[in-house]
Structures are given as C-alpha cells and as structure tokens.
Amino acid sequence: MHSRRRLLRSVLAAGSAALLGLPLAYGQQAPLSDQQLRAAFVLNFIRYTEWPERAFAAPDTPLMLCVLGNDPTGVALGGLAGKTVKGRTIQVRTVNTADEARNCHALFFADADARRHVSILRAVQTLPVLTISDSDSFIDIGGMIGLLYLDSRLQFEVNLAVVQHSQLKSSSQLLRLARNVIESKAR
Amino acid sequence: MSAQPDFASRPLKNQLRAIVAITTGFGLLLTMLYFALSSVVREQGSMMRQLDSIAEIIVSNSAAAIRFNDNAAANVVLAALGNRNEIRAAWITLQDGSVLATYPADADIKSLSLAEVPGNRLSILTVSREMRLNQPIVHEGETLGSLNMTVDLRDMWRHILEDALLGLLTTAIVFAFALRLANRLQRRISEPLLELANATRQIAEDGRYDLRVEAKPQAAETSTLINGFNRMLEEIAARDRELQLSRDVLEQQVDVRTGELRIAKEQAEAANRAKSQFLANMSHEIRTPMNGVIGMTDLLLETPLNREQRHFADTVRLSANSLLHLINEILDFSKIEAGKLVLEESPIHIGPLLEEVILGQAGRAQAKNVEIAGHVSAGMPEILLGDPHRIRQMVGNLVNNAVKFTAEGEVTVYVTQRSEEAPAELTLGANEYAIVVCDSGPGIPAAAKEQLR
C-alpha cells in the first residue's frame, strides 16, 4: 500500500509539472482550425466546471453559452450548440448587454473592448457565470479563464479567486493543466 | 529391479516405514501444492490489485489532458510510472487510434502493441513473462481513449518461485523429521513382532518348545499374540510330555508282549520240533518191525498153507502194506515240517508215470463206473528232470481223491506246457509244465480252496 501512496503522490506531481508547458504537438490528429480549437477549449472549461444547483431551474435545464461580440471564435462556438455536458444541452446565444449576460451560465468575450468587459464582469461577478476570453490580461481585469498562446501553443490561465467568489467550482484537473492560476487573496 | 519382491512380503519394518513415508509424503506434497497454487493466486491477485489502482489513477489524471489534447501533461502523468519497475511501458491511445503519450518517452509503441501477450486478467494458468493491461479512459460517459500498459511479470514469478522453494525446503525438512520419528516409533510395533518371529524360527529350527517370548508393555493385539503364542508353546510342551509318557508305556508294553510271544513261539516251535522228531523217530522205529512183519508174511505165503490160512496171511500182508504206506506218509509229513524233505533230481518219464498212476486207480474207478483217462499234450518233452517219486505221490493222491469224490462221470489227468490248455489262474512260463486233474465231482469247497494257497 505504501507504493500506491507513493505513486499517487508522483502522479499529482506530474499534474503540476504540466503547468510548465511543453511544446504543442497534435500527434496524428487531424489538425483543427485555431477557432475550432478555441471552441473545444471552451467546451472543456464547461466540462470541468461545476455550477451551483440554483443556477439551473431544473435538472434538464439547458446550459446557456453566451457569446459577447461577433468574431470568428464566436462563430466557431456556435458549433457547440446541441452538445451535452453532464446531462445538459448547450444552447448558444449572442448577447450584447450586461442584463442579457446575467442569464448566461458561460460567457465568452469575443470582442476586444476591455472597458465593456470590465463593466459586464462587474455585473456578473456574484453570479454563477463562467467568464472566458482570449483577450489579453482577461483574468487581471476580473475574468475567470483567459486563453493565450504561449510557446506557439494554445494555453489558458485561471483566476481562481474570481471563480470561487462566483460560487463556481473549477476541477483540479483543469487547474492542473492551466498555465497560470491566480489563487484567492484570502489564502 | 524387476525381481523386486512383493510389497506385502517385505519385512514389517520396511513396510511400516514405507507406509509412513507414502502417507506423509503424499500429504505434504498436497499441502505444498496447495500453498504453491495459493501463492500464485495471491501474488497474481496482489499484482492485479496494484495494477488496477495504478490504472485508475492514471486514467482519472489523464482525462483532462486528453480533453485539452495536452500530450505534454499526459506524458507527465505517465512518467509517474517510473517508480514501478514492473511496468515496462505505457501509452495512451485516443479514439482515432493516435497515440497521445508514451512511457518511457522513447518506447516503441508499434512493436509493443503488436506483441502477443496475455491481456487484462491473470489466471492461475497464465504463465507468461509479461501481460498487457488495457483500460478505457472514460470521462463523463464519454470514452476518450485507452490506457495500455505492458507489465513485466518476472518479479512476480520470482516471488512465487521463492515461495515455492521455501515451501519445498520446509516440506523436505518436515518429511525428514517425520521419517525419523516414524523410524523411531515403528520399532514399538515391529520389535515385539520381530522377537516373536525370531522365536518362531528358533523353535522351528531347534524344536525348543521350552522357549518363551517376553511380554513387554505393547499394543493389545501384540500382547494377545505373544500370550497366545506362549500358551500354545506350553500346550505343545505338555502334549509332548504326555505323548512321550504314553509312548514309553506303550514301548514297555510292546516289549513285554513281544517277549511273551517270543517265548510262546519258541515253546511252540520246540514242541513242534519235538513232535516231528517224535514222529520221525516213531515211524522209523515202527518201520523196522513192519518190515519184519511184511518179510515174514511174504515168507509165510510161500509156505504150503490151506485156503483159510492163505486168506489170513494175505490180509496180514495187505494191512501191513497199508500201515507201512501210512507210516511213510507220516514220515514224509514230519520231514516237511522239520524242513528235512530233500527232493531228488532224476529223469521223469512223464507218459509212463501218468499211465502207472491211472492204472493204479483204474480198478476202483471201474468199480464206481467212473471213466478215467490220461493225456499228454503234443510237444511235451519225453523226459523231465525232477523227483519222480514225489510227482507220482502227488498225482496219485489227487487222482485218488478225485475218484473218491466223483460219483459218476470221469476223471481226466493231463500234462501240458501251454497256458491256453492250463486252468485260467495258471500262466506258464518257459520250461514250466502243468499237471491237471479234472473230475466231474462236486469240486473243492471254497473254504478248502483258500487253504491251498
């Protein structure tokens, strides 16, 4: 049993080692377009996030993925509509105002208007809305997950403090793969 | 070893040893086999549990890496297997067949995945150096790919072998102890029996029924056997004494009786001898005056006598001759009895002899109207060697007797050398002849016939 515990520890260590980031390789997989890859990442973020029960009216209430702005990634996200995550169907909708954003479960900021981002983030910061964007320094202005290219490979960083504040839960698996995690200030 | 004696006829000691060796050996062998097999099961089970838990951890840790297609992270997850010596290689395959991550980093996945080794489960019959574990990677009901591991089983087998060797060693030691113990304990059973067997042999060889086998504390059956044996010996000895005693008495009695009989026999023989002697003497003594009487009567008959005188003298002569004849026969009888009868050896003219005898009896036969005839078979020699006087005497007596007892009919005398002409009970050899007297009378009574033999 001792060896098993040792193994567990080393696997955990391996998980954190993944944070260092290594050259991206797709293996023999058919290359995805950059937009498709971003969409796949978004879907994975949704997969590895837990919403509080009150966020959904019923167990089969669809999961609302909202797209703010209108850019190629937003178009690619439309492909996620109809996919199922934890028994919920994903619906994709385009939003423009903070009021609209309140009813979303996940919100992708597709444009690059940082000021608008800040105001909307503030509007939803206490709500269980997973905020994602590929704009620069997204997590520094109060976003939860930011996509970025590092070492010519798509990676992501997480502001865990914001995630926890909004009563969402990010899976440790996800956090392990993140390039960078901003921990809660309280800790 | 082909002339090996039957197990059942081997010495008791060896049989007991063999029985203990066989039963103990068999039991130990089964026990050892059981432990060896359970060691295999245990080691395999432990191996499978470890592999399962490792696979579980790898699977749960690699799902996210697959989702994000993060092969670096997946490689790091697999690299954790580095401290498990028995895992030679591991790789994660995606649903489309592509390989996301390998361990070690330079593993030749193609040849590893082609190698034919037992998969996923170990059974007691799986004897292989390595196995492959294949675990699907499922996340939220979606199969993302699979984890493959090539596991080196040599360490496991070494452990099993070590266990088995230890078991064998233990078994061998226990077996040796059991044999030594059995060897010591079997004496308690076999020694009294050996003693008994020795005593039996000694008694059989020397006939010493005074020997006794000492009864020591031992198994009830053995005590019974030894006591029974001793009792039997005592009984045999007692019988022997009795037998000896009665034999002595009997011998004494026989001696006494034999003595008495011998004396009686000697007395009887002496008496007989005396009687024969007396008869011989008497007949000799009587013959002398008889010769005088006959001689004088002959002389008297030659003198002139009147008819009456001559008749008297003739009667005297006849009676004297008869008496002399009787006396001669008595003399012969006593000679036979005294063993002094000597047969002369002179030529016998058998034809004239027979004629003479028949003519001697012819008068009397004719008077009784009995026919009398003699016959000598063809091929008989004319002259034989023997005692003509005795032959004449014998044949004369027989014919005399035959004529006397035959009321009517005939008396036939014949001489033959052929078996087919002789009576059925006679078989004639070469130079053997039969003189047969037949008559038509009543024959010899059966009781009298017995005496003739």
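Residues numbered from 1 in each chain as written. Chains lettered and ligands numbered in written order. Predicted model: local features only at pLDDT ≥ 70, side-chain atom pairs only at ≥ 80, totals over all residues. Heavy atoms only, no water.

Draft legend 1. Seen up close, the packing of aromatic side chains. Residue and element names in this part refer to chain A. Considering all chains together, one arrives at 10 aromatic pairs over all chains under this definition. Measuring from centroid to centroid gives 6.3 Å for phenylalanine 41 and phenylalanine 156, while their planes differ by 80°, and the two rings are edge-to-face. Pair noted here: phenylalanine 41 is in helix H2 (residues 34-47) and phenylalanine 156 is in strand S8 (residues 153-159), with a separation of 115 residues, a long-range link. This pair shows no difference in class: phenylalanine 41 is buried, exactly as phenylalanine 156 is. Between tryptophan 51 and phenylalanine 56 the ring centres are 6.4 Å apart and the planes differ by 70°, which places this aromatic pair in the edge-to-face class. The pair formed by tryptophan 51 and phenylalanine 56 is uniform in burial state, with each residue classed as buried. Positioned above the aromatic ring of phenylalanine 56, the side-chain terminus of arginine 88 is 3.7 Å from the ring centre. (Phe/Tyr/Trp six-rings, centres within 6.5 Å; stacked < 30°, edge-to-face > 60°. Helix = DSSP H or I, 4+ residues; strand = E, 2+ residues; numbered from the N terminus. Buried < 20%, exposed > 50% of the residue type's maximum accessible area, 1.4 Å probe, protein only. Lys NZ or Arg CZ within 6 Å of the ring centre and 35° of its normal.)

Draft legend 2. Spotlight on the sheet that holds strand S4 (residues 142-152) of chain B. All names here are of chain B. Pairing in this open sheet of four strands is antiparallel, and the strands run S2-S1-S4-S3 from one edge to the other. Pairing within the sheet leaves two strands with one partner each, and these edge strands are strand S2 (99-103) and strand S3 (130-139). The sheet shows a mean angle of 15° between the axes of neighbouring strands, taken without regard to direction. Sheet topology note: the strand S1 (residues 87-94)/S4 ladder contains seven bridges and is antiparallel. (Pairing = 2+ DSSP bridges. Axes fitted to C-alpha atoms, helices over the stretch in contact; angles between N-to-C directions.)

Draft legend 3. Representation of a positive patch on the surface in the model. Residues and elements named next belong to chain B. A cluster of basic side chains, namely Lys13, Arg17, Arg180, Arg184 and Arg187, defines a positive patch on the protein surface. In terms of residue count, helix H4 (residues 154-206) provides more of the positive patch than any other element does, three residues in total. In this fold, lysine 13 is placed in helix H1 (residues 12-67). (Patch = residues over 30% accessible without salt bridge, like charges linked within 9 Å, V, L, I, M, F, W, Y side chains within 5 Å. Areas by Shrake-Rupley, 256 points an atom, 1.4 Å probe, with all protein chains shown as cover. Salt bridge = Lys/Arg side-chain N within 4 Å of Asp/Glu carboxyl O. Lys, Arg positive; Asp, Glu negative; His and termini not counted. Charge placed at Lys NZ, Arg CZ, Asp CG, Glu CD.)

Draft legend 4. Structural view of the domain arrangement of chain B. All names here are of chain B. Under the domain assignment used here, chain B contains domain 1 (7-177), domain 2 (221-342) and domain 3 (343-452). Taking the mean C-alpha position of each, domain 2 and domain 3 sit 30 Å from one another. Across the boundary between the two partners, domain 2 contributes four residues, which contact six residues of domain 3. Considering only the side of domain 2, the residues that lose the most area to domain 3 are Asp332, Leu341 and Val342, jointly responsible for 79% of the buried surface there. Summed over the shared surface of domain 2 and domain 3, the number is one salt bridge. Aspartate 332 is the salt-bridge partner of arginine 390, the closest N and O atoms lying 2.5 Å from each other. If you look at where domain 2 meets domain 3, you find two residue pairs in polar contact (both at pLDDT 80 or more). In terms of residue class, the side of domain 2 that touches domain 3 is built from two nonpolar, no polar and two charged. (Domains from an automatic or database assignment. Contact = heavy atoms within 4.5 Å. Buried area = accessible area lost by both parts, 1.4 Å probe. Polar contact = N/O pair within 3.5 Å; in protein donor to acceptor, adjacent residues only side chain to side chain. Nonpolar A, V, L, I, M, F, W, Y, C, P; charged D, E, K, R; others polar.)

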